Amino acid sequence: MGATELRDLVTLGELTGADVGRAGSKAVNLAAMLGKGFSVPDGFVITTAAYDRVRPQTGKAARSMREAILATDLPEDLVRAVADAYGALAEGGDAVVAVRSSSPSEDLADASFAGQYDTSLNVSGLQAVLAAVRGCWASLWSDRADRYRIAHGVDGREATIAVIVQRMVDARAAGVLHTLNPVTGRRSEMVVEAVKGVGEAVVSGTVVPDQYVLGETGPEPTGSGCLEPADLRRLREVGSALQQAFGGPQDVEWAIDAADRLWLTQTRPITTAFPVPEPADGRLRAYWSVNVYQGLAQPLTPMGSLMIRQRQRGMSAYLTGIGFSPEIIDVSGWLYWDITEGVIDDAKRPSMVSFADDLAAPSGQIIAALAADPRFAPERPAGRRSGPPAPARRRGRIAAAWLFPRTARERVRRRAEQHVRALTGPAHATAAERLRWVEAHHRTICRIEADLPRAANTAGGLAQRLAARLLDGIASAEEINACFRGVPANPTTEMDLRLWRLAMSAKADPRSLAALSEQEPWHLAQSYRRGELPDVLSDGVRGFLARYGCRVAAEMDLGLPRWADDPAPVFRTLISYVHAADTGFDAAAEFAAARREARAKVAELVRRVPVRRAGVRLAAGFLLRAARELRGLRELPKYYLMRGYQELRRQLLPAGDDLVRDGVLDRADDVMFLDLDEIRAALRGGDGFRATVAERRAIYERELKRRQVPAVVLSDGTAPEYRPVETGDDALLRGLAGASGLASGPARVVFDPDTARIAPGEVLVCPSTDPGWTPLFLNAAAIVTETGGMISHGTTVAREYGIPAVVGAAGATTRIQDGQVITVDGSRGTVTLGERG
C-alpha cells in the first residue's frame, strides 16, 4: 500500500488507544478486545482521513451534505485499498461482512449517538461494500443525526466518521450483555438480552428479546428462550473478564455462531452508572459521599481531591470514633467515606446518623434505614464508654466566652489573621521553589480550621442548647431559631452585605450604573482587568476581591478558579442587586430589621419566664445574648481555609505557567489535574503529562454532566433512597425544616450560581449550597435544596437572613419546574404547589 492508503485504511489489529481520532472509539475498543485475547471477527477500518478526502464543504444543509457524499466518486487509491483489505477477508471468494460506523463522537458519556448512523449487514461483494461505506458516511448527515447533534451541543462542523468493515458472524443467537443491571444499577447482577439469529434487532429495539438476569450464584433466566444455561455461564464469564480488562462495567454486543463459538462485536463503558468504590474483599460496603457532605453537586479536580482528603485527616479522630473509615476513597472525582462500620454498629450509628443529617440531610435517615437491611448484620457491643469530661481549662474558656463574647470572638479573628498571614508564600521565586513551599505548607493550610481556637465556637453552640433547655415548654424550637436572625460577625453575611453596599454605591454613580447596565458580566470582568471601569465601581470591586476574592461556588475544590481569578460572577451579582433595588428592595435594611426582630424576640422569650424563676430568666437571657454574639464564628474557619487555599493557588499557577513555557503542559491550570509528585517530575523534565492531564480532564468533564448525585451508595452499585413518611397533606416535596417561615413565589431552579440571577420574591431551588451561593440569598424569598442540614452553611445563612428554607428535599431540581409557583414552609419542611397564605 502507498502512504495515502496506509493513512486511509488500517486493520483492527494495528489500532491502539491513541487512534480514537482517526478510527473512532468503537473500532479502538474492538482492537483492544482483540489485543486482550477476546474473540473478535476480523476486519479493517476506513479512517476519518478517508472521509475527510470526500467530505463536501461544510455549511450546507444536512440533506445537501448527504446527497453530495452519495454522489461523490471514491478516490482510486482508496478503492484499491478497500479491495485488497476486503479480498484478504474473503480468502478467494466474496466475504459476507457488516459495515458499521465508528465516529470519534460516538459512545460519549452524555451523547452515545446510538442508532444515529447506518449499519449494513450481510453485505457481499466489493461494489456492495463500497456502496455501504458511502451510505455510512452519508448517515453522518441524516436528519436524525443532525437533530441529535444539535440537542447535545455537538458542533456539526467538526463531525467526522470512520467505517468498520468486519466479517459477519453466522449467528444462531446474538444480543447484548450488560455487565451490571441497567435498571437497578446492581453490579452483582448482569443482564442478557438475546434473539435468534443476528442481534441488530435487539440494538435497534424492533423486537422483544429474551431477557436473563445473571446473579452471583448462577444464571437465573426469567423464562424460556433462545439461550441454554451453558451459554449464560459463558456470557457471565466473558462479562467478568471484560469488566476486569477495561476497568469498569460494559455494554457488550455478542453473537454465538453455528459452531457454538462466542464472538464479541462491540464493547463500550457504561458511563451512565454512578462511579462507586470496589471493595478489595468483595464484601458489600456502604459509602457516604464527601461531595454531598461538602455541598458539592459536582466532581472534584485531582488537586481538589488531594486537599480535601488532607483536610479531613484533621477530623479523622472524631470521625473514626463514630464509624467512618480513616481514609477517603476517590473514584473519578467523587469522594467517599466507607461507613459500613457505623451502619452495623448499634453504638456508633446514632452519632453517625446525627452527624450526617446535621450537615447533609437526608443522608442520616438513609444510613439509619440501612440498619434494617439484612445484608448489614448489626453488631451490638456490650456497652459504649462515654468520652472524658471537658478539661477544666476548656470549661474556663467557655465560661469566659459567655462573659465576654465580643472579646472571645475578636480573639479568634486575630488568631486566624495571624495564622493565615504566616502562611504567605514567596512573591518572587522559581517554579521549583514555589512547589517546595506548597509541599511544606499544604498540610498546615488544610488544618487551618482544626488549628483555630475552638472554645468560643463551642461556647456559642452550647449556650444556645442550654438556653433552649431552660426555655423548654416556654418557647418552641422555631422561636429559639428566630433569635439568631441578623447575627454579627458572620463572614458570609458580611460578604453578601458588602457586595450589596457596593452595588448601591455603583447605582448612585451615573458612570458605574451605565457600565453595569450596558455590559455583560464577562465584558465587565475584562474591562476591570484592563482598568477601564469607572473609579467607583473599579475601586469597590478591587476592595471586595482583596477580602473575598478567595471565594467561589464549590470553593472546597482547590482546582476551581476563584472570584479573584474570574470576577464575572461578582459583576453578575452586582447587576442583579441593582435590578432588585429598582423594585424597592433593600437587603441592608432587611438585615437590620432581622437583627432588631431577633433582639426583640430574645427579650420576649425572657419575659415569658415567670418572675418567681428569676434565675432562669437571667440565665436564659444571658445565654441567648452570648450565643448571638458568638454565632457568626461557625462560618469563620472555612473563610480562613479559603484564604489559605488562595495562597496555594498563588504558588501553583505560576509553576503551571513555567511548565507551559517549557512545553510540558498546555495551560497553567493543568497543574490542578496533577498531584504534587507529578508536578515535581514535570518540573524536572518528565514527559507524558499532557496525556495524563487530557485523560483526567476528559473524566472530569464527563462527570460534570451528571445531574443527580446520590448521598449514599453501596458497593453493588445501588443507591438507597430516602422515603419520607406520608402525612396525608398535599406536599409536593418533604425535607428537613431548615429555617422557619412561610413564603410563596416562582421557583428559580439553579445548577450554577455563577450564571444565575435571582429576582426579589423568587424561590431558589438548587442541589446544594456553600458560601459561594449565598449572594443569591439576599434576593430570594425562600431556599429549597436537595441536601443540607441544620448546621450546613446554606441553612445557617438562611436563618440569619430570616428566609424560610427546606433542605434535604430529594429530587427538588427535577420535580420543581422553573417558574412554577411554590410555597415553602420552613417550619414544617414542606414544599407545595401554588401560593398559600
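The rules we used
Residues numbered from 1 in each chain as written. Predicted model: local features only at pLDDT ≥ 70, side-chain atom pairs only at ≥ 80, totals over all residues. Heavy atoms only, no water. Phe/Tyr/Trp six-rings, centres within 6.5 Å; stacked < 30°, edge-to-face > 60°. Lys NZ or Arg CZ within 6 Å of the ring centre and 35° of its normal. 1 Å grid on protein atoms, 1.4 Å probe; cavity = no way out; pocket = protein on both sides within 12 Å on 5 of 7 lines; lining within 4 Å. Points joined across faces, edges and corners; volume = space filled by probe spheres on them. Buried < 20%, exposed > 50% of the residue type's maximum accessible area, 1.4 Å probe, protein only. Helix = DSSP H or I, 4+ residues; strand = E, 2+ residues; numbered from the N terminus. Arc of directions from axis to C-beta. pLDDT = per-residue confidence, 0-100. Contact = heavy atoms within 4.5 Å. Patch = residues over 30% accessible without salt bridge, like charges linked within 9 Å, V, L, I, M, F, W, Y side chains within 5 Å. Areas by Shrake-Rupley, 256 points an atom, 1.4 Å probe, with all protein chains shown as cover. Salt bridge = Lys/Arg side-chain N within 4 Å of Asp/Glu carboxyl O. Lys, Arg positive; Asp, Glu negative; His and termini not counted. Charge placed at Lys NZ, Arg CZ, Asp CG, Glu CD. Pairing = 2+ DSSP bridges. Axes fitted to C-alpha atoms, helices over the stretch in contact; angles between N-to-C directions. Polar contact = N/O pair within 3.5 Å; in protein donor to acceptor, adjacent residues only side chain to side chain. Core = buried A, V, L, I, M, F, W, Y, C linked by side-chain atoms within 4.5 Å. Parallel < 35°, antiparallel > 145°, perpendicular 65-115°, else oblique. Nonpolar A, V, L, I, M, F, W, Y, C, P; charged D, E, K, R; others polar. Left-handed = near helix turned anticlockwise from the far one by under 90°.

A. Up close: the packing of aromatic side chains. Tallying each qualifying case throughout the model produces 21 aromatic pairs. Among the aromatic residues, those joined into a cluster by ring pairs are W288, Y293, Y318, F324, W337 and F355. Of note, R631 hangs over the ring of F484, and the distance from its end group to the ring centre comes to 4.6 Å. Over the ring of F751 we find R707; its NZ or CZ atom is 4.0 Å from the centre of that ring.

B. Representation of empty space enclosed by the protein within the structure. Applying the stated criterion across every chain, the model contains 4 cavities of 30 Å³ or more. Computed from the structure, the second largest cavity encloses a volume of approximately 70 Å³. Every residue lining the second largest cavity is listed: L499, W563, P569, V570, T573, P753, D754, G772, W773, P775 and L776.

C. Representation of helix α23 (residues 510-518). Within α23, the full set of buried residues consists of S512, A515 and L516. Looking straight down α23, one finds its buried side chains confined to an arc of 95°; they lie on one side. Opposite the buried face of α23, by more than 90 degrees, sit the exposed residues P510, R511, S517 and E518.

D. Up close: the confidence of the model for the chain. Residue-level pLDDT values for the chain average 91, and 93% of them are 70 or greater. For the stretch residues 1-5, pLDDT sits under 50, and the model shows 8 contacts to residues farther than four places along the chain or on other chains. Under a pLDDT of 50 for its full length, residues 382-388 has, in the predicted model, 4 contacts with residues more than four places off or in other chains.

E. View of a positive patch on the surface. On the surface, R393, R397, R411, R414 and R415 cluster together to form a positively charged patch. Those elements that place two or more of their residues in the positive patch are α16 (392-403) and α17 (405-421). Per element, the largest residue contribution to the positive patch is 3 residues, and it comes from α17. Looking at the element boundaries, R411 is found in helix α17. Taking the relative accessible area as the measure of exposure, R411 reaches 42% and is therefore partly exposed.

F. Region of the structure containing the sheet that holds strand β23 (residues 830-833). If you trace the 8 strands from one edge of the open sheet to the other, you get β16-β23-β22-β18-β19-β20-β21-β17, paired in mixed fashion. In the strand order of this sheet, the two ends are held by β16 (733-734) and β17 (736-739), each with one partner. Those strands touched by helix α32 (residues 793-801) are β17, β20 (782-785) and β21 (805-807), and its axis lies near 50° from that of β17.

G. The arrangement of helix α30 (residues 676-683) in detail. Within the span of α30, buried status applies to L676, E678, I679, R680 and A682. Residues of α30 that are buried sit in contact with α11 (302-312), α18 (431-446), α29 (636-661) and α31 (689-704). For α30, the N-terminal cap is D675; the gap from its side-chain oxygen to the backbone nitrogen of D677 is 3.2 Å. Two residues or fewer past α30, G685 is found with a positive phi of approximately 100°.

H. Representation of the pairing of strand β6 (residues 171-178). β6 sits mainly inside the fold: 7 of its 8 residues count as buried. Here 7 bridges tie β6 to strand β10 (residues 250-257), and the two strands are oriented antiparallel to one another. Pairing of A173 across the sheet is with I256, part of β10. Note: β6 against strand β7 (residues 190-196), 6 bridges, orientation antiparallel. Bridged to A174 within β7 is V195.

I. The arrangement of the nonpolar core in detail. Counting 155 residues, the largest nonpolar core has W288, F571, L574, Y645 and L764 as the members making the most contacts within it. At 10 residues, α29 tops the list of elements feeding residues into this core. Once you skip the residues sitting within four places of it in the chain, L764 turns out to touch R748, V750, I758, W773, L776, F777, A780, A782, I783 and V784.

J. Molecular detail of the packing of helix α14 (residues 349-360) against helix α15 (residues 363-370). It is the contact of α14 with α15, at a shortest axis distance of 6 Å, that shows an interaxial angle of 155°. Considered as vectors, α14 and α15 are oriented roughly antiparallel to each other. Across the interface between the two elements, R349, M352, V353, A356, D357 and A360 from α14 touch S363, G364, Q365, I367 and A368 from α15. Among the residues forming the contact of α14 with α15, the class breakdown is 6 nonpolar, 3 polar and 2 charged.

K. How the structure looks around unusual backbone geometry. Cis geometry is adopted by the peptide bond preceding P362, which originates at A361 and carries an omega value of 5°. With respect to the helices and strands, P362 occurs in the loop between α14 and α15. A positive phi angle, close to 75°, is found at D260, a residue other than glycine. Take D260: its relative accessible area is 39%, and that puts it in the partly exposed class. The backbone phi angle of A554 is positive, close to 60°, even though this residue is not glycine. Looking at where A554 falls in the secondary structure, it is placed in the loop between α25 (535-548) and α26 (568-582).

L. Region of interest: the packing of helix α27 (residues 587-608) against helix α28 (residues 614-631). Where α27 meets α28, the closest approach of the two axes is 9 Å, and the angle between their N-to-C directions is 160°. It follows that α27 is roughly antiparallel to α28 by the angle criterion. For the element pair α27 and α28, the recorded crossing hand is right-handed. For the pair α27 and α28, the contacting residues are R595, A598, R599, V602, V606 and R607 in the first and R617, A620, G621, L624, R625 and R628 in the second. In the contact of α27 with α28, the residues fall into 5 nonpolar, 1 polar and 6 charged.

M. Spotlight on the environment of S576. Tracing the backbone through its elements, the reader meets S576 in helix α26. Residues S576 and A759, 183 residues apart in the sequence, show an inter-C-alpha distance of 7.2 Å. S576 has contacts with R757, I758 and N779, leaving out every residue within four places of it along the chain. Engagement of the side chain of S576 in a polar contact is seen with the side chain of N779, the distance being 3.3 Å.

N. Structural context of the pairing of strand β13 (residues 328-331). Pairing between β13 and strand β14 (residues 334-338): 4 bridges, direction antiparallel. When the sheet's bridge partners are listed, I328 is paired in β14 with W337. Hairpin connection from β13 to β14: 2 residues lie between these consecutive antiparallel strands, with S332 at a positive phi of about 55°.

O. Inspection of the side chain of Q294 at higher detail. With respect to the helices and strands, the residue Q294 is situated in the loop between α10 (290-293) and α11. Leave out the neighbours within four places in its chain, and Q294 touches I308, R311, Q312 and M556.

P. Summary view of the sheet that holds β13. Taken in spatial order, the 4 strands of this open sheet run β13-β14-β12-β15, and their pairing is antiparallel. Strands with a single pairing partner mark the edges of an open sheet, and in this sheet they are β13 and β15 (712-714). Between one strand and the next, the sheet's axes are offset by a mean angle of 35°, whatever the strand orientation.

Q. Layout of a nonpolar patch on the surface. Together, L403, F404 and F622 line one region of the surface with nonpolar side chains, adding up to about 320 Å² of accessible area. With respect to the helices and strands, the residue F622 is situated in helix α28.

R. View of the pattern of salt bridges. Following the criterion strictly, the structure yields 54 salt bridges and no others. In this structure, E449 engages R311 in a salt bridge whose closest nitrogen and oxygen atoms are separated by 2.6 Å. One end of the pair, E449, is in helix α19 (residues 448-451); the other, R311, is in helix α11, and 138 residues separate them in sequence. Comparing E449 with R311, the two get one shared label, buried. Residues D346 and R349 are paired through a salt bridge, measuring 2.5 Å at the closest nitrogen-oxygen approach.

S. Inspection of the environment of R625 at higher detail. With respect to the element layout, R625 can be found in helix α28. A residue is classified by how much of its surface remains accessible, and R625, at 47% relative accessible area, is partly exposed. Along the primary structure R625 and V602 are separated by 23 residues, whereas in three dimensions their C-alpha atoms are 7.6 Å apart.

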